[in-house]
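One-letter residues, chain by chain:
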Amino acid sequence: MPGNHPRSTDPQVHDVIGIGLGPFNLSLACLLAPLAQGATPCQALFLDSRAQFDWHPGMLIDETTLQNPCLADLVSLADPTSRYSYLNYCKQQGEIYAHYFNGPHFITREAFNRYCQWASRSLPNVRFGHEVIGVSHEVQQGRSVYHVQARRADGTHVSFAARKLVLGIGAQPSLPACCDEQPQRWLHSAHYLQHKAQLLDKRSITIVGSGQSAAEVCHDLLKEAEQRGTTVNWITRSPYFFQMETTRLTLEMFSPDYTDYFYHLPEARKAAVLAGQDSLYKGINAQLMDQIYQQLERARRRRSFQAHLVTQSELRRCRHDEGSGQHVLEFHRTDTGEAFEHRTDGLIFATGYRQRVPRFLGGIEHRLRFDRQGRYQPTRDYAVDINGDEVYVQNGGLHSHGLSNPELGLACYRNSCLIRALTGVALVWMHMAVRAMERGNVSKGRDPRTGKNCRPAPASERGSSPPSPCAPVVRSASTSADRSSPAASRRGPRALPPPWPQAESARVAADDGL
């Protein structure tokens, strides 16, 4: 409960140390910064090995935009008054009207990266050039203390101590299994821009993979392939190049409500549910798909260069032919079962990212919770330690929390939950439910956590104890007018529907959660 989180009285021990500074931990640093002042200040420190913030520099392709509205910045969905908002950044940089004229909805990745760099330079609680090399644990006066060892850019070592940790090191580029023997030989899309010039010097380039990153690389290469006469190939095992779902009813799947619903699903069902949601987070922006189609049409009419897009082809083997300097790829057709060989001069894998447990956690690995597949096993509040309230992880629970895990738009919500768990302080905004759909069997009204029928609380108890910011919000389908009418009172109490998934007439409900 709020107030039951005593702060560290030792000036040498921080309340929390964040390791890694991607957008998620940078958001947390922004939201925690104001809490450093006051009667019981929260002393937070964030460490990162890089010289400055730089978000996927290999994919900051010109004119590529975020898939989220600019309101999904570092702070606005938790604290709209924060000085670290994107709008304040535009104001401080003299770009507020440029942003207004260019359209206030989606911004380029490059602009988002500049905004994050501005925020990181403004924060007093971040330290770049500090590579964490080890973490250890001890108990002091009955309380846990974590010691974080870091190596500075000049090679010197320094140690910090904290009561709690938040891991935000991000996911690492993932290559197909057949590339494991010599991973340094293969190029991942995460490093595309650094190698773009070398790729375009080759006669043929092949992209393996699907999704937004593969499409952006393909689109960018096609721009210059016409002038250079380069052949561009895009091969994927997907049955087709599918569009990312962005309708408003679909976007409700990226909400605090749905996070609760997914987390309380039976563990045996979560993987199957995620497998059916590829188009929600692995698809391609529709506008980009149209642009690629137009590029291919121009090439066909002008016969200026060759491009081949191939689906239903799974990569089985890959090797580098030293004699020809080409990459030799062996594919299996998932529709016909046939095998074919493909040779290419340039090769780039757009095969996604994978969570890995960093080596520096070896000293406390026995204190962390993992599932049978070696993945973090987070609580609802994102804690992964055996006590459930000391070590937290950002973007480490796609399997446990669902689609919201990597979603930028829910970073503020997750960090609001983290701040309450870390400090007991609840931000002004903690829970917003915008739901036009119900999840589950409405007529049965079963709670997805317990399987029991949901019943409304007696009128005398309603509103007496606010819900947890991370707890599911279950509401009646009736309107306020229905509940107050004489007919409604004669019917007696109604079973409340649990969250998700049957569509009803749209409605919007907001809960402060406090």
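Residues numbered from 1 in each chain as written. Predicted model: local features only at pLDDT ≥ 70, side-chain atom pairs only at ≥ 80, totals over all residues. Heavy atoms only, no water.

Colleague: Explain the pattern of salt bridges to me, please; I cannot follow it from the model alone.
Modeller: Applying the stated criterion to the full structure yields 25 salt bridges. Across the pair R367 and E390 runs a salt bridge, and its minimum N-O distance is 3.0 Å. Taken together, the residues R367 in the loop between β15 (353-354) and β16 (391-393) and E390 in the loop between β15 and β16 connect sequence positions 23 residues apart. Considered together, R367 and E390 belong to a single accessibility category, that of buried residues. Here the residues in one salt-bridge network are K196, D201, D220, K223, E224 and R228, joined through shared partners. (Salt bridge = Lys/Arg side-chain N within 4 Å of Asp/Glu carboxyl O. Helix = DSSP H or I, 4+ residues; strand = E, 2+ residues; numbered from the N terminus. Buried < 20%, exposed > 50% of the residue type's maximum accessible area, 1.4 Å probe, protein only.)

Colleague: Would you take a moment to explain helix α8 (residues 256-263) for this structure?
Modeller: Owing to its 3.6 residues per turn, the α-helix brings residues three or four apart onto one side. The buried fraction of α8 amounts to eight of the eight residues, a majority that puts the element mostly inside the structure. Among the residues making up α8, those that are buried are P256, D257, Y258, T259, D260, Y261, F262 and Y263.

Colleague: Just to check I follow, could you spell out the nonpolar core for this structure?
Modeller: In summary, soluble globular proteins display a tendency toward joint burial of nonpolar side chains. Ranked by internal contacts, the top residues of the largest apolar core, which has 49 residues, are L32, F46, L74, Y86, F112, Y115 and L123. With eight residues, the single largest contributor to this core is helix α13 (residues 411-423). Sequence-distant contacts of Y86, defined by excluding residues within four places in its chain, comprise C70, D73, H99, I107, A111 and Y115. Among the nonpolar cores identified, the runner-up in size contains 25 residues, and L187, A214, A215 and I348 belong to it. (Core = buried A, V, L, I, M, F, W, Y, C linked by side-chain atoms within 4.5 Å. Contact = heavy atoms within 4.5 Å.)

Colleague: How should I be thinking about the packing of aromatic side chains in this particular structure?
Modeller: Aromatic rings in a pair are described by how distant their centres are and how their planes are angled relative to each other. Using the criterion set out here, one finds 17 aromatic pairs in the structure. Where W55 meets F112, the ring centres are 5.2 Å apart and the plane angle is 65 degrees; that geometry is what we call edge-to-face. In this pair, W55 sits in the loop between β2 (44-47) and α2 (86-92) while F112 sits in helix α4 (residues 109-122), placing the two residues 57 residues apart along the sequence. We note that W55, like F112, is buried. Taking the centre distance of 5.3 Å and the plane angle of 85 degrees together, the rings of Y86 and Y115 count as edge-to-face. Here Y86, found in helix α2, pairs with Y115, found in helix α4; they are 29 residues apart in sequence, far enough to count as distant. Note on accessibility: Y86 and Y115 belong to one class, buried. Grouping aromatic residues by their ring pairs yields a cluster made of W55, Y86, Y89, F112, Y115 and W118. Lying across the ring of Y263, K270 places its NZ or CZ 4.8 Å from the centre. (Phe/Tyr/Trp six-rings, centres within 6.5 Å; stacked < 30°, edge-to-face > 60°. Lys NZ or Arg CZ within 6 Å of the ring centre and 35° of its normal.)

Colleague: Please clarify how a nonpolar patch on the surface should be interpreted in this entry.
Modeller: Together, Y97, Y100 and F101 give the surface a local cluster of nonpolar side chains, amounting to about 440 Å² of exposed area. Here Y97 is to be found in helix α3 (residues 96-102). Under the relative-accessibility criterion, Y97 is labelled exposed at 56%. (Patch = residues over 30% accessible without salt bridge, like charges linked within 9 Å, V, L, I, M, F, W, Y side chains within 5 Å. Areas by Shrake-Rupley, 256 points an atom, 1.4 Å probe, with all protein chains shown as cover.)

Colleague: Where do I start with the sheet that holds strand β11 (residues 313-321) in this structure?
Modeller: Strand pairing in a sheet is mediated by backbone hydrogen bonds. Such pairs are either parallel or antiparallel. If you trace the three strands from one edge of the open sheet to the other, you get β11-β12-β13, paired in antiparallel fashion. Each of the sheet's edge strands pairs with one partner strand only, and the pair in question is β11 and β13 (339-344). On average, each strand axis in the sheet is inclined to that of its neighbour by 20 degrees, with strand direction left out of account. Bridge analysis of strand β12 (residues 326-333) against β13 gives six bridges, and the strand direction is antiparallel. Along β13, the bridge assignment pairs H332 with A339. (Pairing = 2+ DSSP bridges. Axes fitted to C-alpha atoms, helices over the stretch in contact; angles between N-to-C directions.)

Colleague: Got a minute to help me understand the sheet that holds strand β9 (residues 231-235) in this structure?
Modeller: A sheet is described by the order of its strands in space; here four strands give the open sequence β10-β9-β8-β14, paired in parallel fashion. Every interior strand has two partners, whereas the edge strands, β10 (307-310) and β14 (346-350), have only one. Taken pair by pair, the neighbouring strands of this sheet meet at an average axis angle of 10 degrees, ignoring direction.

Colleague: Just checking my understanding: could you explain the pairing of strand β6 (residues 157-167) for this structure?
Modeller: Strand residues, when the strand is regular, have side chains that alternate between the two faces of the sheet. In terms of burial, β6 is largely enclosed, as nine of its 11 residues are buried. For strand β1 (residues 13-19) and β6, the ladder comprises six bridges, and the chain directions are parallel. What sits directly across from G18, in β6, is V166. Both strand β5 (residues 143-152) and β6 contribute to a ladder of six bridges, which runs antiparallel. Bridge pairing links A150 to V158 in β6. Connecting β5 to the antiparallel partner β6 that follows it, the hairpin turn spans four residues, and G155 within it adopts a positive phi of roughly 95 degrees. The sheet contact formed by β6 and β16 spans three bridges and is parallel. Opposite L167, over in β16, you have V393 as the bridge partner.

Colleague: Looking at this model, I keep getting lost on the packing of α8 against helix α9 (residues 267-275). Mind explaining?
Modeller: The axes of two packed helices give the description: the angle between them and the distance between them. Remark: α8 packs on α9, axes separated minimally by 10 Å, with the N-to-C direction vectors making an angle of 135 degrees. Considered as vectors, α8 and α9 are oriented oblique to each other. Only K270, V273 and L274 of α9 make contact with α8, whose side of the interface consists of Y258, F262 and Y263. Split into classes, the residues belonging to the contact of α8 with α9 amount to five nonpolar, no polar and one charged. (Parallel < 35°, antiparallel > 145°, perpendicular 65-115°, else oblique. Nonpolar A, V, L, I, M, F, W, Y, C, P; charged D, E, K, R; others polar.)

Colleague: Quick question: what am I supposed to make of the environment of A33 here?
Modeller: Tracing the backbone shows A33 in the loop between α1 (23-32) and β2. For A33, a relative accessible area of 14% corresponds to the buried category. Separated by 91 residues in the primary sequence, A33 and P124 have C-alpha atoms spaced 7.6 Å apart.

Colleague: In this structure, what is going on with the side chain of N68? I would like to understand it.
Modeller: Inspection of the secondary structure assignment puts N68 in the loop between β2 and α2. Relative accessible area serves as the criterion here: at 10%, N68 is assigned to the buried category. A distance of 2.5 Å separates polar atoms of two side chains, one belonging to N68 and the other to E407. In this view, N68 contacts H105, F106, E407, L408 and G409; residues no more than four positions away in its chain are not counted. (Polar contact = N/O pair within 3.5 Å; in protein donor to acceptor, adjacent residues only side chain to side chain.)

Colleague: Quick question: what am I supposed to make of helix α6 (residues 212-228) here?
Modeller: In a regular helix each residue adds 1.5 Å, so 17 residues correspond to 24 Å; α6 covers 24 Å between its end C-alpha atoms and thus fits that length. Its axis deflected by about 30 degrees at L222, α6 carries its strongest bend there. Of all the residues in α6, the buried ones are Q212, A214, A215, E216, V217, C218, H219, D220, L221, L222 and A225. Positive backbone phi, approximately 70 degrees, marks G229, located one or two places after α6. (Expected span 1.5 Å × (residues − 1). Bend = angle between axes of the 7 residues up to and from the residue.)

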